[in-house]
Amino acid sequence: MKHTLNEKKKSAFRTAELVVLTVIASTATVFADATSVGQNFGEWAMGQIWWVALAIVAFMAVKYLIKKAWIPCGIFVLIGSMILVVIKNPEKLSSIGEAMFNIIFK
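In this text the structure is predicted, and so the values were computed from the model without any measurement. (Residues numbered from 1 in each chain as written. Predicted model: local features only at pLDDT ≥ 70, side-chain atom pairs only at ≥ 80, totals over all residues. Heavy atoms only, no water.)

A few words on the overall build of the protein chain. Across its full length, the protein chain holds four helices and zero strands. Along the protein chain, helices (α) and strands (β) appear in the sequence α-α-α-α when read from the amino end. Sorting the 106 residues of the protein chain into buried and exposed places 12% on the buried side. Summed over all atoms, the accessible surface of the protein chain reaches about 8700 Å², with 74% contributed by carbon and sulfur. (Helix = DSSP H or I, 4+ residues; strand = E, 2+ residues; numbered from the N terminus. Buried < 20%, exposed > 50% of the residue type's maximum accessible area, 1.4 Å probe, protein only. Areas by Shrake-Rupley, 256 points an atom, 1.4 Å probe, with all protein chains shown as cover.)

Quick look at the structure:
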């Protein structure tokens, strides 16, 4: 019995892996502009990461609200929103780092 469950898990993992690789391969052709493939793919990936992070923040906020955990919900939403801003605008992180460097070493 245990052997068949492991085989089912392996089969499900292989199927999920195949689906993910197929999606990546099908969307990668959108960025086939020979001059800036890496930049186009990087912009697309950052957009996808932002949506995934937004979904995680929303899911966790709903989870905390259902449990009526107001303070952890507020803290998580605050930290999550800061992370979303950094994901959307990575230049802000470098400007924050430069400002901290100037404060510490001046």
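We now examine the nonpolar core. Judged by nonpolar contacts, Trp50, Ala53, Val57, Leu84 and Ile87 together constitute the single largest core of five residues. Sorting the residues of this core by element identifies α2 (37-66) and α3 (70-88) as the ones contributing at least two each. (Core = buried A, V, L, I, M, F, W, Y, C linked by side-chain atoms within 4.5 Å.)

We now examine the packing of aromatic side chains. Describing an aromatic ring pair means giving the distance of the ring centres and the angle of the ring planes. With the rule as written, the count across this model stands at three aromatic pairs. Seen in terms of ring centroids, tyrosine 64 and phenylalanine 76 are 6.1 Å apart; in terms of plane orientation they differ by 65°. Their pairing is edge-to-face. Separated by twelve residues along the polypeptide, tyrosine 64 in helix α2 and phenylalanine 76 in helix α3 bring together distant segments of the chain. You can call tyrosine 64 partly exposed: its relative accessible area is 21%. (Phe/Tyr/Trp six-rings, centres within 6.5 Å; stacked < 30°, edge-to-face > 60°.)

Right, let's talk about α3 for a bit. Between its first and last C-alpha, α3 extends 26 Å over 19 residues, near the 27 Å set by a 1.5 Å rise per residue. Those residues of α3 that sit buried are Cys73, Gly80, Leu84 and Ile87. Considered in projection along α3, the buried side chains sweep an arc of 55° and stay on one side of the axis. Opposite the buried face of α3, by more than 90 degrees, sit the exposed residues Ile71 and Leu78. (Expected span 1.5 Å × (residues − 1). Arc of directions from axis to C-beta.)

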